[in-house]
Amino acid sequence: MADESRNFQVEIITPERVFYTGEATMIEFTSVEGEMGVYKNHIPLTTVLAPGIVTITEEDGQKKAAVHSGFVEILGDKVTLLAEIAEWPDEIDGDRALKAKKRAEERLAVKAEDLDVARAEMALKRALVRINLK
């Protein structure tokens, strides 16, 4: 029987869908301030979600997903991630991610005058997250 005293609700929501809803014993993600791990009864907190891999630890194992920017709300018994994009590993096209990585690296290497550096760096981060999850 599951130890429900350790469990808390997790929701990952994107503009297109409710990506995940369930109970977890821990969730790990990347915020703009670094890696975070959250257990039940964590201090309430709101933070900015950075591109990275989210690890949801459930009673019977772990699930991993790629998320790309958004916000996180942590309450004592619930964690909600509002993400621009969330993808399970089987939803990621590995070849496309490698091509996106190459394009972003080329843009950053050329340093064109009209280059939006922040956008190119974000594209590179998203591609690397997808590649690392795949």
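Above this text sits the structure in question.
Residues numbered from 1 in each chain as written. Predicted model: local features only at pLDDT ≥ 70, side-chain atom pairs only at ≥ 80, totals over all residues. Heavy atoms only, no water.

Caption draft 1: Examining the overall build of the chain more closely. A tally of helices and strands in the chain yields 2 helices and 10 strands. Going from N to C terminus, the chain has its helices and strands arranged as β-β-β-β-β-β-β-β-β-β-α-α. Considered along the principal axes of its C-alpha atoms, the chain spans approximately 55 × 30 × 25 Å. Here the chain holds 134 residues, and 40% of them are scored as buried. A separation threshold of at least 6 residues defines the contact pool for the chain, and within that pool the share at least 24 residues apart is 53%. When the accessible surface of the chain is split by element, carbon and sulfur atoms take 50% of a total near 8,100 Å². (Helix = DSSP H or I, 4+ residues; strand = E, 2+ residues; numbered from the N terminus. Buried < 20%, exposed > 50% of the residue type's maximum accessible area, 1.4 Å probe, protein only. Contact = heavy atoms within 4.5 Å. Areas by Shrake-Rupley, 256 points an atom, 1.4 Å probe, with all protein chains shown as cover.)

Caption draft 2: Inspection of helix α2 (residues 117-133) at higher detail. Taking 1.5 Å per residue, 17 residues should reach 24 Å; α2 reaches 24 Å between its end C-alpha atoms and fits that length. A120, A123, L124, A127, V129, R130 and L133 are the residues of α2 that are buried. Here the buried face of α2 lies against β6 (52-58), β7 (61-67), β10 (86-87) and α1 (94-110). (Expected span 1.5 Å × (residues − 1).)

Caption draft 3: Structural detail: the layout of surface pockets. Computed from the structure, the largest pocket encloses a volume of approximately 420 Å³. What lines the largest pocket is a set of 17 residues, among which R96, A100, R103, R126 and R130 lie closest to the centre. Only α1 and α2 provide two or more residues apiece to the lining of the largest pocket. Tallying contributions element by element places α2 first for the lining of the largest pocket, with 6 residues. (1 Å grid on protein atoms, 1.4 Å probe; cavity = no way out; pocket = protein on both sides within 12 Å on 5 of 7 lines; lining within 4 Å. Points joined across faces, edges and corners; volume = space filled by probe spheres on them.)

Caption draft 4: Representation of the environment of G61 in the model. Its location among the elements puts G61 in strand β7. For the pair G61 and T14, spaced 47 residues apart in sequence, the C-alpha to C-alpha distance is 23 Å.

Caption draft 5: Representation of the packing of α1 against α2. The geometry of α1 relative to α2 is characterised by a closest axis approach of 8 Å and an angle of 150° between their N-to-C directions. The angle between α1 and α2 places the two elements in the roughly antiparallel class. Crossing of α1 over α2 shows left-handed handedness. Contacts between α1 and α2 involve A97, L98, A100, K101, A104, E105 and L108 on the former and, on the latter, V117, A120, E121, A123, L124, A127, L128, R130 and I131. Residue composition of the contact of α1 with α2, by class: 12 nonpolar, no polar and 4 charged. (Axes fitted to C-alpha atoms, helices over the stretch in contact; angles between N-to-C directions. Parallel < 35°, antiparallel > 145°, perpendicular 65-115°, else oblique. Left-handed = near helix turned anticlockwise from the far one by under 90°. Nonpolar A, V, L, I, M, F, W, Y, C, P; charged D, E, K, R; others polar.)

Caption draft 6: Up close: the side chain of R130. Following the sequence through the fold, R130 ends up in helix α2. Side chain to side chain, R130 and E87 meet in a polar contact 2.8 Å long. If sequence neighbours within four positions are ignored, R130 has contacts with H68, I85, E87, I92 and A97. (Polar contact = N/O pair within 3.5 Å; in protein donor to acceptor, adjacent residues only side chain to side chain.)

Caption draft 7: Molecular detail of the pattern of salt bridges. Counted under the stated rule, the structure contains 5 salt bridges. As a salt-bridge pair, K63 and E58 come within 3.7 Å of each other at their nearest N and O atoms. The class for E58 is buried, based on a relative accessible area of 15%. A salt bridge links R130 to E87, with the shortest nitrogen-to-oxygen separation between them at 2.8 Å. (Salt bridge = Lys/Arg side-chain N within 4 Å of Asp/Glu carboxyl O.)

Caption draft 8: Quick peek at the packing of aromatic side chains. According to the stated counting rule, one finds 2 aromatic pairs in the structure shown. A ring pair is formed by F19 and W88, whose centres lie 4.3 Å apart and whose planes are at 25°; its orientation type is stacked. Separated by 69 residues along the polypeptide, F19 in strand β2 (residues 18-24) and W88 in the loop between β10 and α1 bring together distant segments of the chain. Judged by its relative accessible area of 7%, F19 is buried. Arranged with centres 6.3 Å apart and planes meeting at 75°, the rings of Y20 and W88 form a pair that is edge-to-face. (Phe/Tyr/Trp six-rings, centres within 6.5 Å; stacked < 30°, edge-to-face > 60°.)

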